[in-house]
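Analysis of the macromolecular model
In case you want the letters, here they are:
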Amino acid sequence: GVARLIAVAELPDDGASTLLQACLTTPGIVGREAELERLKRLPLSAADGRGTRCIVRGANGSGRTRLLDALAVEAEVRGQRVLRAEGGLSGSRAYGLARELGRAGDAGDELERAAAQLEQDPTDEALAQQLQAAFYAAAQRWGSRAQAALIIVDDCDQADAESLKLLAGLQRTAAAPWQSMALSLRAERKDLSAPLSVLARDADIVELEPLGAAQI
């Protein structure tokens with residue numbers, strides 16, 4: 001049971017608590033075990049300083065979010081930092097997804113202030129640069145040799161273009177080797193935006209095909 005898993009893993013108290021919570025709350029993955037094994041490479045890669053990206057593509061109801069839930073638990077049990085956001089929540093509002101990730105990653109008030117001011121004057125290039133600088137300054141703390149990070153964005157095809165450009169730029173930061181990224185998008189979305197195309201480049205694409213009756 002859980003106690004044996006904790007003893008075998010030799011986890012500290014906080015790790016044991018995380019593992020117990022994971023066992024109690026992680027949704028079952030039925031018929032998607034092979035896909036989950038592919039996703040588990042992300043935290044392993046980040047821990048080795050070889051951060052990488054994966055895109056999970058599937059139709060509504062195919063289990064994209066459940067897979068990302070299970071992946072988040074896997075990373076947390078390994079002691080990694082998990083930052084999660086949802087493209088559909090922030091909508092098309094400029095830098096909405098970046099602000100959501102910033103809040104998840106303790107980006108501080110500077111990003112929020114710049115974003116709020118930019119909403120009042122979207123054409124202010126200096127404010128846009130200030131927001132971008134604040135985002136990347138925070139991102140430098142999202143992953144290190146001591147603690148790798150996993151960035152998860154569900155429904156990234158619904159996120160704003162400005163934020164997706166910032167996400168694509170994360171691979172040029174000093175913390176990039178210690179960061180892995182898992183993104184999901186709807187199978188119906190055939191034409192990728194320019195920033196999504198950059199994120200998809202060299203990424204492992206996990207296609208969620210419909211499950212047969214024997215797999216359910």
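Described below are features of the structure shown in this document. (Residues numbered from 1 in each chain as written. Predicted model: local features only at pLDDT ≥ 70, side-chain atom pairs only at ≥ 80, totals over all residues. Heavy atoms only, no water.)

1. Focus on the pattern of salt bridges
The condition is simple: The working definition used for a salt bridge is a side-chain nitrogen of Lys or Arg within 4 Å of a carboxyl oxygen of Asp or Glu. Three labels apply to residues, based on accessible area from a 1.4 Å probe with only protein chains included: buried if under 20% of the type maximum, exposed if over 50%, partly exposed otherwise in between. For helices the rule is a DSSP run of H or I covering at least 4 residues; for strands it is a run of E covering at least 2, with both sets numbered from the N terminus onward.
Within this structure, the stated rule accounts for 14 salt bridges. We note a salt bridge from Glu37 to Lys40, for which the minimum N-O separation is 3.3 Å. Classification of Glu37 as partly exposed rests on a relative accessible area of 46%. For Lys40, a relative accessible area of 23% gives the class partly exposed. Put simply, Arg84 and Asp69 hold a salt bridge, and the shortest N to O gap is 2.8 Å. On the criterion of sequence distance, the pair formed by Arg84 in strand β2 (residues 81-86) and Asp69 in helix α5 (residues 64-77) is long-range, its members being 15 residues apart. Classification of Asp69 by relative accessible area gives partly exposed; the value is 25%. Beyond isolated ion pairs, a larger network of salt bridges with shared partners links Arg93, Arg99, Arg103, Glu112 and Glu119.

2. Some details on unusual backbone geometry
We note that Tyr95 has phi near 65 degrees; this positive angle belongs to a residue other than glycine. Position of Tyr95 relative to the elements: it lies in the loop between α6 (87-90) and α7 (96-104). We classify Tyr95 as buried; its relative accessible area is 8%. Despite not being glycine, Asp202 has its phi angle at roughly 65 degrees, a positive value. Among the structural elements, Asp202 can be located in the loop between α11 (194-200) and β5 (204-208).

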